[in-house]
Amino acid sequence: MNFSNYFNNWLYGVGGYYANYKDIGKEGDFFTSVSTSHFFGGAIANHLIKRIHAGDLPRDTFVLEIGAHHGYLLADIIQFIYTIDPTLLETLTFGIVERFSHLQEAQLNYFKESFSDVVQLQHFKDVSEIQKKSGFIVANEIFDAFSCEIIHKNQMLTIEDNQAIWIDNIDPFVQKIADKYQIISGEVGLGYENFAHSLFNAFEKSEFVTFDYGDIAPRNDISMRIYSKHKTYPFFDEEADLAALYANSDITYDVHFGHLIDAFKECGYTHDKYLTQLAALTDFGIT
């Protein structure tokens, strides 16, 4: 099995890690910025409000989260909008892209508990279903869950019976991306171009903000790792029992932002800024 299919099945297949609801935070396998502070969403809300007040986005913008898990981030954004400029809740609308029905239900229940009937939440199973005029889209740590292939010195990784096997035949499409970005060893992300194209076509005008782990250029090392009960296993660690960890833990890797930015620019987006999370949140006004 090629690694991209193995990775995708691990996370999204029948019985996959994200196919079933998982706790994030102390009781889960890892923390995110959303699980540690409401002010992460607050800073994003402040940025959105500043963009609207400056006339860069209209007051009836559709605010969309992709990869929302429980819905905490979007709910934090809405709470801070209410705190800073409650009049915007009369015009803004809100939605989440979530492929799994049981997670949609969990998100709807959380929004019902948080906002009663004041905020209506619209769900989509895929970005391609959306047709809106103006959008502000936020995604926290989604691209490190996009499928990828792993290459190393003219070889590509495959998986057989939970064993890593290197083969000499690299897929031509993967090789093309590797050559373009001079990736000799490491992950080659897949699906960026299709995702960016779908998002660009979903709105007449939109702004996309995303946070993730990674670098602007490839480091030419393999970053693939597994998180289980707040312990990190490099994918090739002898302690990593792949059979036991498969679908029961999170698997992730560092994002190549140079590739990601190019995918968005090629379909029509204008690149604004590439910042560390701390610099971005400071710029957004977390202080």
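A brief structural summary.

What counts, and at which threshold
Residues numbered from 1 in each chain as written. Predicted model: local features only at pLDDT ≥ 70, side-chain atom pairs only at ≥ 80, totals over all residues. Heavy atoms only, no water. Phe/Tyr/Trp six-rings, centres within 6.5 Å; stacked < 30°, edge-to-face > 60°. Buried < 20%, exposed > 50% of the residue type's maximum accessible area, 1.4 Å probe, protein only. Helix = DSSP H or I, 4+ residues; strand = E, 2+ residues; numbered from the N terminus. Lys NZ or Arg CZ within 6 Å of the ring centre and 35° of its normal. Salt bridge = Lys/Arg side-chain N within 4 Å of Asp/Glu carboxyl O. Pairing = 2+ DSSP bridges. Axes fitted to C-alpha atoms, helices over the stretch in contact; angles between N-to-C directions. Expected span 1.5 Å × (residues − 1). Arc of directions from axis to C-beta.

**A short note on the packing of aromatic side chains**
According to the stated counting rule, one finds 31 aromatic pairs in the structure shown. Arranged with centres 5.2 Å apart and planes meeting at 70°, the rings of Tyr 17 and Tyr 18 form a pair that is edge-to-face. By relative accessible area, Tyr 17 is classed as buried at 0%. With a centroid separation of 6.5 Å and 85° between ring planes, the pair formed by Phe 211 and Phe 284 is classed as edge-to-face. Note that Phe 211 is positioned in strand β9 (residues 203-211) and Phe 284 in helix α10 (residues 277-284), a separation of 73 residues in sequence. The two residues Phe 211 and Phe 284 agree in class, both being buried. Lying over the aromatic face of Tyr 12, Arg 99 brings its terminal NZ or CZ to 4.2 Å of the ring centre. Against the face of Phe 62 rests Lys 132, its NZ or CZ located 4.6 Å from the ring centre.

**Describing the pattern of salt bridges**
Per the stated rule, a full pass over the model turns up 10 salt bridges. A salt bridge links Arg 225 to Asp 254, with the nearest nitrogen and oxygen atoms 2.9 Å apart. Of this pair, Arg 225 sits in strand β11 (residues 225-228) while Asp 254 is found in the loop between β13 (250-252) and β14 (255-256), placing the two residues 29 residues apart along the sequence. Overall, the relative accessible area of 13% leaves Arg 225 in the buried class. Of the charged contacts in the structure, one is a salt bridge between Lys 231 and Glu 239, with a shortest N-O distance of 3.3 Å. By relative accessible area, Glu 239 is classed as exposed at 53%.

**A word on the sheet that holds strand β6 (residues 155-160)**
Spatial ordering of the open sheet is given by β7-β6-β5-β8, a layout of four strands whose pairing is antiparallel. Since the sheet does not close on itself, it has two edges, and those belong to β7 (163-167) and β8 (185-189), each with one partner. The mean inter-strand angle of the sheet, taken between neighbouring strand axes irrespective of direction, is 40°. Summarising the sheet, strand β5 (residues 148-152) and β8 pair through five bridges and their orientation is antiparallel. Within β8, the position partnered with Glu 149 by the bridge is Val 188.

**Re helix α5 (residues 101-115)**
For α5, spanning 15 residues, the distance from its first C-alpha to its last is 21 Å, which sits close to the expected 21 Å at 1.5 Å a residue. Every buried residue of α5 is accounted for by Leu 103, Gln 104, Ala 106, Gln 107, Tyr 110, Phe 111 and Phe 115. Across the axial projection of α5, the buried residues extend over an arc of 160°, all falling on one side. Seen from the buried face of α5, the exposed residues on the opposite side, beyond 90 degrees, are Glu 105 and Glu 113. Note on α5: the residue one or two positions beyond its end, Ser 116, has a positive phi of about 55°.

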